[in-house]
Amino acid sequence: MSTIKQSEGLDNLEAPLLQPSSQDYGDTSNNSAAPAVLVDIEDQPQPSWSHLGTTHWLLTTAILLSDMFGLGTLSLPADFARLGWIPALACLIWFAVADVYAGTVYQRLSLKVPAAVVFDEIGYAAMGRLGSAMVYATIYFSILLQPIMLHLTCMESLRQTLYMYNISAELACLIVTVLILPLGQMHHIEDVAWVSIFGTVGMLVAMLVVAGKLVAIYITAPAAAPTEMVAQGQGFHSGLVGAMDIAFAFGGQINWMRYITTMKKRSKFSSAVSITAVFMTVVYLLVAVTGYSAFGAGIDLHK
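Thresholds applied
- Residues numbered from 1 in each chain as written.
- Predicted model: local features only at pLDDT ≥ 70, side-chain atom pairs only at ≥ 80, totals over all residues.
- Heavy atoms only, no water.
- Helix = DSSP H or I, 4+ residues; strand = E, 2+ residues; numbered from the N terminus.
- Buried < 20%, exposed > 50% of the residue type's maximum accessible area, 1.4 Å probe, protein only.
- Contact = heavy atoms within 4.5 Å.
- pLDDT = per-residue confidence, 0-100.
- Axes fitted to C-alpha atoms, helices over the stretch in contact; angles between N-to-C directions.
- Parallel < 35°, antiparallel > 145°, perpendicular 65-115°, else oblique.
- Left-handed = near helix turned anticlockwise from the far one by under 90°.
- Nonpolar A, V, L, I, M, F, W, Y, C, P; charged D, E, K, R; others polar.
- Salt bridge = Lys/Arg side-chain N within 4 Å of Asp/Glu carboxyl O.
- Expected span 1.5 Å × (residues − 1).
- Phe/Tyr/Trp six-rings, centres within 6.5 Å; stacked < 30°, edge-to-face > 60°.
- Core = buried A, V, L, I, M, F, W, Y, C linked by side-chain atoms within 4.5 Å.

Engineer: Teacher, can you tell me more about the overall build of the protein here?
Structural biologist: For the protein, the count of helices and strands is 11 helices and two strands. Listing every helix and strand of the protein by position from the N terminus yields β-α-β-α-α-α-α-α-α-α-α-α-α. Counting every position in the protein, which comprises 303 residues, the buried fraction comes to 39%. Pairs at least 24 residues apart make up 85% of the contacts formed inside the protein by residues separated by at least 6 positions.

Engineer: Is there a simple way to think about the confidence of the model for the protein in this case?
Structural biologist: As a note on interpretation, predicted positions should not be read in detail where pLDDT is low. Taken over all residues, the pLDDT of the protein has a mean of 78, while the share at 70 or more is 77%. When the elements of the protein are averaged for pLDDT, strand E2 (residues 39-41) gives the smallest value, 41, and helix H4 (residues 85-112) the largest, 95. In this model residues 8-12 is a low-confidence stretch, pLDDT under 50, and it forms nine contacts with partners more than four residues away in sequence or in other chains. Every residue in residues 15-34 scores below 50 in pLDDT, and together they form 33 contacts with partners more than four places removed in sequence or on other chains.

Engineer: Explain the packing of helix H2 (residues 57-68) against helix H11 (residues 269-295) to me, please; I cannot follow it from the model alone.
Structural biologist: Think of two packed helices as two axes; the pair is described by the angle between the axes and how far apart they sit. Two elements in contact, H2 and H11, have axes separated by 9 Å at closest approach and are oriented at 40 degrees. Between H2 and H11, the angle falls in the class oblique. The hand of the H2/H11 crossing is right-handed. Every residue of H11 that contacts H2 at Trp57, Thr60, Thr61, Leu64, Leu65 and Met68 is listed here: Phe269, Ser271, Ala272, Val273, Ile275, Thr276, Phe279, Met280 and Tyr284. Partitioning the contact of H2 with H11 into residue classes produces 11 nonpolar, four polar and no charged.

Engineer: Please explain the packing of helix H5 (residues 119-137) against helix H6 (residues 139-161) as it appears in this structure.
Structural biologist: Contact geometry for H5 and H6: axes closest at 6 Å, N-to-C directions at 50 degrees. With respect to each other, H5 and H6 are oriented oblique. On the side of H5, the interface is formed by Phe119, Asp120, Val135, Tyr136 and Ala137, while H6 contributes Ile139, Tyr140 and Phe141. Taken together, the residues that form the contact of H5 with H6 break down as seven nonpolar, no polar and one charged.

Engineer: Is there a simple way to think about the pattern of salt bridges in this case?
Structural biologist: Where charged atoms of side chains with opposite charge meet at close range, the side chains can pair. Tallied over the full model, the rule gives one salt bridge. In this structure, Arg159 and Glu156 form a salt bridge, with 3.5 Å as the shortest nitrogen-oxygen distance. Placement of both Arg159 and Glu156 in helix H6 is noted, with a separation of three residues, approximately one turn of the helix.

Engineer: Please clarify how H2 should be interpreted in this entry.
Structural biologist: Because the α-helix completes a turn every 3.6 residues, residues three or four places apart line up on one side. Counted at 1.5 Å a residue, the expected span for H2 with its 12 residues is 16 Å, and the 16 Å between its end C-alpha atoms agrees. In terms of residue burial, H2 counts as a mostly covered element, since nine of its 12 residues are buried. For H2, the full list of buried residues reads Leu59, Thr60, Thr61, Ala62, Ile63, Leu64, Leu65, Asp67 and Met68. Looking one or two residues beyond H2, the residue adopting positive phi is Gly70, at roughly 105 degrees.

Engineer: Any chance you could explain the packing of aromatic side chains here in plain terms?
Structural biologist: Here the distance between the centres and the angle between the planes together describe a pair of aromatic rings. Taken as a whole and assessed by the stated rule, the structure comprises 11 aromatic pairs. Judged by centre distance (5.8 Å) and plane angle (80 degrees), the rings of Tyr106 and Phe119 are edge-to-face. In this pair, Tyr106 sits in helix H4 while Phe119 sits in helix H5, placing the two residues 13 residues apart along the sequence. Given the relative accessible area of 16%, Tyr106 is considered buried. Its relative accessible area of 10% is what places Phe119 among the buried residues. Each member of the aromatic cluster is reached from another via a ring pair, and the members are Phe69, Phe250, Phe279 and Tyr284.

Engineer: Whenever I open this one, the nonpolar core confuses me. Can you help?
Structural biologist: The biggest cluster of nonpolar side chains holds 44 residues, and the ones touching the most others in it are Leu64, Trp256, Phe269 and Tyr284. Broken down by secondary-structure element, the contributors of at least two residues to this core are H2, helix H3 (76-83), H4, H5, helix H9 (235-249), helix H10 (256-260) and H11. At nine residues, the largest contribution of residues to this core is made by H11. Leaving out residues up to four positions away in the same chain, Leu64 has contacts with Phe69, Trp256, Tyr259, Phe269, Ala272, Val273 and Thr276. Ranked by size, the runner-up nonpolar core spans five residues in total, among them Leu158, Ile167, Ala172 and Val176.

Given below as structure tokens:
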């Protein structure tokens, strides 16, 4: 089992990046760059980690798309109405670039602390117990809450989709649980990757259908109100909601650590993130631009 030792503060993590070895696991024995974080890797069987380092980076890309793509997409036309063309496009581009940059940061940290499998091990390597505690208080707390939030979101989506049957919250919760439990039996990222491809394709088809309908509306009927370069009369709170919705559409970074540690070549992680960010940005622009053009500033912000 791998053992993470505390480095001398943040110096090692801030030093120039080490060149990855041929296996891309951060082997620095023959590298003359700045000293790496001290890592003792014992030569012992690790059956629970048998799939570490076997996932192709294209499969990782599929997982990232399934995890991130689609979150908040349908709210983007309303977000453009809250902000106006210029602020909304600026936010979309800003968060897309930030997403790509975050991918490079994750890749650098993973190569710098190659034995780390979870976030707190990187925190400990950087700042000892304080770094580990900071991870528990921030990232792990978010990870704890995320499944609850997504479960509630799935429940409400199911109830709205089947509104004609007036499904209770309890029954919706049970249905979602039954549907999710089989996926919970998958123990390895590679297994999830193949399933995620179908989920991503399904989401893309749904988005294209929505975009097609919005284009049809734009062609056949004038917008309820003209679009605005900068939204007028919305207020700071409404604009903040719009910006946060766009940020949410690029969310999902808290899961990245588990993805990168299963890759055959960790140095390809930033490429996987870049492809994902470009793909999402194109689809988000398609939905947001067509939706805002079709409905204009008069779009109902509460739907």
